[in-house]
Structures are given as C-alpha cells and as structure tokens.
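Remarks on the overall topology
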Amino acid sequence: MAEQRQRALSTSGEALYQILGLDKNCTHDDIKRSYRKLALKYHPDKNPENPDATDKFKELNNAHAVLSDVTKRNIYDKYGSLGLYVSQQFGEENVNTYFMLSSWWAKGLFAICGLLTGCYFCCCLCCCFNCCCGKCKPHTPGEEDPEFYVSPEDLEEQIRTDNERDGDTPIVMQPTNASEKTQLIGDGHRTYT
C-alpha cells in the first residue's frame, strides 16, 4: 500500500488555484469553467486504467468546493490552507479572531498587561480565596451554614406575626373566572371584580 504523504498547511493560498490552472484574481465563472474541463479530463470513469486520475479528480473536487464557496475562498485567499483548517476546528466566523490572537503582538500585549497589572496573581488569589477557602467555598452535604440557618419554630413565629400584622388571611386560590381582574385598593384591602 502506498503511503499518503502528509501535506504541510500553507499560508500562501495558491495551491488550489494551481490545481485548477488559474490565478488568484480569477472570477467565479473561470473557476466553474476550469473545473468542468478538468473534471471531464480526469474523471475516474473515463480513465479506469489510470489510478492517478482518481487522486487528481479528488483534488479537483476539493479545490472546486473551496473556491466556489465565497466564505471559504476569502479565508483561503487570506490565510491559505491553515485558515481552512482553523475554520473547520473553530468555525468560519472565528478565523479572524484566532489569527489575531495568535499573532506575536497580541501574545506580547497579553503578557505585558498581565505582568504590569499583576492580574495573573490577582486572579489566582481571588479564585483561591473565594472558591477554595473563602465565602464561596463548596459545602459538604449535611453541613449547615450558621449565618443562613433558621429554625422551623422561628419561621412559624415569623409567619404568625406577619399574618397578625396584616390582618388578612393569605389568598390560597386563584380567581375562577378568567374575566376577573385583580385590583389593589389604597387602604390595603384586596378585592376581585
């Protein structure tokens, strides 16, 4: 079995145009015309005895698929096959962001800002002291927090005093008729009309 050679990802964006025999500033119609002509020439059904024709036909299909799609063609023209790989991994809309963040100046800016502001140290301390051993520390099941614990007796007493202060009994039913409207009257009594 013949080994497939691994192709390196380029950033020039010219190989697919060379497969179709075109230059970078060709039109969509030129791409279509060249693809049809070469696809007929290298189609596996027309060349059953030539195994290289099948490989060439696959390359033609790949080149046509990329160059006939406007978004993929723009990515390929700007970033080459590396850009197409990034678009498959992260999505077509994230290619520009990926290359901007992977540039030398973005990495340098990130490092300088982090070192000058001490942000890396602050983020680590904030995370550790809040999440690991601080206020946001995870609690084990069954452990009660004394700040937020209210005994059932205290809760019942609070409900009783609220009811006595309001003087009203709580509403336990929704209005039965859909045309009824709830209105609040200024003296604190609720009525339904």
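Check the entry above for the structure.
Rules used in this analysis
Residues numbered from 1 in each chain as written. Predicted model: local features only at pLDDT ≥ 70, side-chain atom pairs only at ≥ 80, totals over all residues. Heavy atoms only, no water. Phe/Tyr/Trp six-rings, centres within 6.5 Å; stacked < 30°, edge-to-face > 60°. Helix = DSSP H or I, 4+ residues; strand = E, 2+ residues; numbered from the N terminus. Buried < 20%, exposed > 50% of the residue type's maximum accessible area, 1.4 Å probe, protein only. Lys NZ or Arg CZ within 6 Å of the ring centre and 35° of its normal. Core = buried A, V, L, I, M, F, W, Y, C linked by side-chain atoms within 4.5 Å. Contact = heavy atoms within 4.5 Å.

In this description, a pair of aromatic rings is defined by centroid distance and the angle of the planes. In this structure the tally under the stated criterion is 4 aromatic pairs. When the ring of Y17 is compared with that of Y76, the centres are 6.2 Å apart and the planes differ by 45°; the resulting orientation is tilted. Within this pair, whereas Y17 is found in helix α1 (residues 15–20), its partner Y76 is found in helix α4 (residues 70–90), the two being separated by 59 residues in sequence. A relative accessible area of 2% means that Y76 is categorised as buried. Where Y79 meets F99, the ring centres are 4.1 Å apart and the plane angle is 5°; that geometry is what we call stacked. Separated by 20 residues along the polypeptide, Y79 in helix α4 and F99 in helix α5 (residues 95–101) bring together distant segments of the chain. An aromatic cluster of at least three residues, connected via ring pairs, comprises Y79, F90, Y98 and F99. Cation over ring: K56 sits above Y42, and NZ or CZ is 5.7 Å from the ring centre.

Attention now moves to the nonpolar core. Counting residues in each nonpolar core, the largest one holds 21 residues, and the members touching the most others are L16, L20, L67 and Y76. Those elements giving two or more residues to this core turn out to be α1, α2 (28–42), α3 (51–68), α4 and α5. In this structure, L20 is in contact with I31, S34, Y35, L38, L60, A63 and L67, ignoring residues within four places of it in sequence.

This part is about the environment of K72. One can find K72 in helix α4. Linking K72 and L84, residues 12 residues apart in sequence, is a C-alpha distance of 7.0 Å. The contacts of K72, once residues within four sequence positions are left out, are A65, V66, L84 and E92.

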